[in-house]
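Spelled out from the first residue to the last, the chains are:
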Amino acid sequence: MKQVLVLSATMGEGHNATGRALAEAVHRLWPDAEIRWLDALDVMGPGVGPLFRQIYVTNVRRTPWLYEFFYWALWRWRWFAAACKRFTGAWCGRRLARVLGQPDLVLSTYPLGTAGLEWLRRRGRLPSPVGAWISDFAPHPFWVYGRIDRNLVMHPVAIPPAVRCVPDAPVAVSAPPVRAVFRPGDREAARRRLGLPPEAFVALVSCGSLGFGQVEAAARELLAAHPSVVPVVVCGRNERLARALRRLTDPRLRVLGWTDDMAGFTVAADVVVTNAGGATGLEALACARPVLMHRPIAAHGRANARLMAEAGLAMVCEADGELTAAVRQLIDTPGLGKTMTEAAARHLESAGDLDDALRALAGQPV
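All values derive from a computational prediction rather than experimental measurement.

What counts and what doesn't
The residue numbering used here restarts from 1 in each chain and proceeds along that chain's sequence as written. In keeping with the predicted nature of the model, local features appear solely for residues at pLDDT of at least 70, side-chain atom pairs appear and are counted solely at 80 or more, and the whole-chain, interface and lining totals rest on all residues. Excluding hydrogens and water, the side-chain figures rest on all heavy atoms present in the structure. Helical segments are the DSSP runs of H or I of at least four residues, strand segments are the runs of E of at least two, and each set is numbered from the N terminus. Pairs of N or O atoms within 3.5 Å make up the polar contacts considered here, provided that, within protein, one atom can donate a hydrogen while the other can accept it, and that residues adjacent in sequence are counted only when both atoms are side-chain atoms. Contacts are assigned to residue pairs that have any heavy atoms within 4.5 Å of one another. Categorising residues by exposure relies on relative accessible area from a 1.4 Å probe, with only protein chains included: less than 20% of the type maximum marks a residue as buried, more than 50% marks it as exposed, and the intermediate range marks it as partly exposed. The pairing criterion for strands is at least two bridges between them, as found by DSSP. Here is how to tell: hold the view so the strands point away, follow the path from the first strand over the helix to the second, and if it runs clockwise the crossover is right-handed. Put simply, a nonpolar core is a bunch of buried Ala, Val, Leu, Ile, Met, Phe, Trp, Tyr and Cys residues held in one set by side-chain atoms that sit within 4.5 Å of each other. Residues forming no salt bridge and having over 30% relative accessible area are the ones grouped into patches, like charges within 9 Å of each other and nonpolar side chains (Val, Leu, Ile, Met, Phe, Trp, Tyr) within 5 Å. Surface accessibility follows the Shrake-Rupley procedure with a 1.4 Å probe radius. Residue values consider only the protein chains on display as shielding. For salt bridges, the criterion is a side-chain nitrogen of Lys or Arg within 4 Å of an Asp or Glu carboxyl oxygen. A fitted line through C-alpha atoms serves as each axis, taken over the contacting stretch for helices, and the angle formed by two N-to-C directions is quoted from 0 to 180°. Oblique is the label for any angle not under 35 degrees, not over 145, and not in the 65 to 115 range, which are roughly parallel, roughly antiparallel and roughly perpendicular in turn. Asp, Glu, Lys and Arg are counted as charged, while Ala, Val, Leu, Ile, Met, Phe, Trp, Tyr, Cys and Pro are counted as nonpolar; the rest, among them Gly, fall into the polar class. Note on ring pairs: Phe, Tyr and Trp rings are taken, using the six-membered ring of Trp, and paired if centres are within 6.5 Å. Classes follow the plane angle, with under 30 degrees stacked, over 60 edge-to-face and the rest tilted.

*Asks:* In this structure, what is going on with the side chain of serine 174? I would like to understand it.
*Replies:* Summarising the element assignment, serine 174 is placed in the loop between strand S6 (171-173) and helix H8 (187-194). A polar contact of 3.0 Å, which involves the side chain of serine 174, links it to the side chain of tryptophan 133. Sequence-distant contacts of serine 174, defined by excluding residues within four places in its chain, comprise Trp133, Leu152, Val153, Met154, His347, Ala351, Leu354 and Ala357.

Below is the structure:
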């Protein structure tokens, strides 16, 4: 029986969502496989998870300039990135050594966890194949490691920045690591099932489970764009955001909390609006839906937005009014949205599926 370890972290839901998609693919390939989960932050010690989550939320919401500086420093000074990775690698690696066991395959979805795995590999304590899925569209130095077997990026345009992070790192392109329900589908049927107007321009707004960023501003800009626009805003676990949005009086606005049918709403949408390009961006890509990046969050969010735009998969809306203008452009120029949809579809066709990436990592024929 194949033993598979998924190493993730609860930092929002994005890393765990990637892990669930990989676990689903493992069971497709090897139905009898035993999958074990570890949360890298929990492994690193009591209280580490809550502390790191608080630091991240504070940086994004209150001190984005500090987050930007840290991100810039990782790219600017190679020694700084290497020192940070050595420190976290030793911290996580020593703790992992106590609980790792002897898996046949290790799948990492969180960069600090991957740092720990590389620390073990350098010391000859991890012979199993190790793959790290870089779920941010734009890799950064903390994501990429030279001593693991594969660093999986989300698109060919992500290969150069990944190699720039670590020139000798093994890098390959993976299909989007999302559950199989996220795939191109029948838009009209999805709208009928979800009670959405068949002729409307449906804009799905999702900014992760924490509802980061200027979500209410995005909803207002969408409502102002055109009478046919129906914004569907998924607030995740941010109940405060949901309450604020429900105070808006426009009947076109649909406000959701947590939903288990993100795939259905993504298929039903004409466009997906987000601010970081993590799990939401990958789900939109897997469903071949265009993305509008509205006021991307600091550091990795802006990098993701730029790279998705470079790949022809997204439009970036940084300033006031740009989201409204982008939606009007998509409505007035249907060929623009079609071009972005076709770019996503071409990538999906060329990238294969998650099963292929897992077979290659395990040394099996693809």
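*Asks:* What should I look at first to understand the pairing of strand S3 (residues 105-108) in this one?
*Replies:* Note on strand geometry: in a regular strand, side chains alternate between the two faces of the sheet. Along S3, one buried face is formed by Leu105 and Leu107 and the opposite face, lined by Val106 and Ser108, is buried too. Pairing of strand S1 (residues 3-8) with S3 involves four bridges; the strand directions are parallel. When the bridges of S3 are listed, valine 6 appears paired with leucine 107. With helix H6 (residues 111-122) bridging S3 and the parallel strand S4 (residues 130-133), this β-α-β connection has right-handed handedness.

*Asks:* It is not clear to me how helix H12 (residues 279-286) should be interpreted in this structure. Could you clarify?
*Replies:* Helical geometry note: an α-helix holds 3.6 residues per turn, so side chains three or four residues apart project in the same direction. Of all the eight residues making up H12, seven are buried; the element is thus mostly covered by neighbouring parts of the structure. When we look at burial in H12, the residues that qualify are Thr280, Gly281, Leu282, Glu283, Ala284, Leu285 and Ala286. Alanine 288 sits one or two residues past H12 and shows a positive phi near 55 degrees.

*Asks:* What should I look at first to understand the nonpolar core in this one?
*Replies:* For soluble globular proteins, the rule of thumb is that nonpolar side chains tend to be buried together. Ranked by size, the top nonpolar core spans 106 residues in total, and within it Leu107, Trp133 and Phe137 carry the most contacts. Of all hydrophobic cores here, the second largest spans 28 residues; its members include Val205, Ala242, Val255 and Leu330.

*Asks:* Would you mind going over a nonpolar patch on the surface with me for this structure?
*Replies:* A grouping of Trp65, Leu66, Phe69, Trp72, Trp77 and Trp79 is seen on the molecular surface, where their side chains present a nonpolar patch of about 730 Å² in accessible area. Here tryptophan 79 lies in helix H5 (residues 78-99).

*Asks:* Help me out: how do you make sense of the packing of H5 against H6 in this one?
*Replies:* When two helices pack together, you describe them by how their axes are tilted relative to each other and by the distance separating the axes. At a minimum axis separation of 7 Å, H5 and H6 run at an interaxial angle of 75 degrees. Viewed along their axes, H5 and H6 adopt a mutual orientation that is roughly perpendicular. Listed contacts from H6 to Lys85, Thr88, Gly89, Ala90, Cys92, Gly93, Arg94, Leu96 and Ala97 of H5 are Leu112, Gly113, Ala115, Gly116, Leu117, Trp119 and Leu120. Along the lines of polarity and charge, the residues of the contact of H5 with H6 split into nine nonpolar, five polar and two charged.

*Asks:* Quick question: what am I supposed to make of the sheet that holds strand S10 (residues 271-274) here?
*Replies:* Reading across the sheet, the six strands line up as S9-S8-S7-S10-S11-S12 and stay open at both edges, with parallel pairing between neighbours. For this open sheet the edge positions go to strand S9 (254-256) and strand S12 (314-317), each flanked by a neighbour on one side alone. This sheet shows a mean twist of 20 degrees between the axes of neighbouring strands, independent of strand direction. With three bridges joining them, strand S8 (residues 229-234) and S9 adopt parallel strand pairing. Directly across from valine 234, in S9, lies its bridge partner leucine 256. Seen against the sheet, helix H9 (residues 215-225) touches strand S7 (201-206), S8, S10 and strand S11 (291-294) and runs at an angle of roughly 165 degrees to S8.

*Asks:* What is the right way to read the packing of aromatic side chains from this model?
*Replies:* Here the distance between the centres and the angle between the planes together describe a pair of aromatic rings. Evaluated as defined, the whole model comprises eight aromatic pairs. Plain terms: the ring middles of tryptophan 72 and tryptophan 77 are 5.1 Å apart, the flat faces sit at 75 degrees to each other, and that makes the pair edge-to-face. Accessibility expressed as a relative area gives 42% for tryptophan 72, which makes it partly exposed. Residue tryptophan 77 is classed as partly exposed on the basis of its relative accessible area of 30%.

*Asks:* How should I be thinking about the pattern of salt bridges in this particular structure?
*Replies:* A side chain of one charge can pair with a side chain of the opposite charge when the charged atoms of the two come close. Per the stated rule, a full pass over the model turns up 14 salt bridges. As a salt-bridge pair, arginine 122 and glutamate 118 come within 3.8 Å of each other at their nearest N and O atoms. Placement of both arginine 122 and glutamate 118 in helix H6 is noted, with a separation of four residues, approximately one turn of the helix. On the accessibility criterion, glutamate 118 (10% relative accessible area) is buried. A salt bridge links aspartate 270 to arginine 191; the shortest N-O distance between them is 2.5 Å. Taken as a pair, aspartate 270 in the loop between helix H11 (262-268) and S10 and arginine 191 in helix H8 lie far apart in primary sequence, 79 residues in all. For aspartate 270, a relative accessible area of 18% translates into the label buried. With relative accessibility at 3%, the residue arginine 191 sits in the buried group. Connected via shared salt-bridge partners are Glu13, Arg20 and Arg237.

*Asks:* How should the packing of helix H1 (residues 14-29) against helix H16 (residues 354-362) be read in this particular structure?
*Replies:* At a minimum axis distance of 9 Å, the contact between H1 and H16 shows a crossing angle of 75 degrees. Relative to H16, the element H1 lies roughly perpendicular. Contacts from Ala21, Leu22, Ala25, Val26, Arg28 and Leu29 in H1 reach Leu354, Asp355, Leu358 and Arg359 in H16. The class makeup of the residues in the contact of H1 with H16 is seven nonpolar, no polar and three charged.

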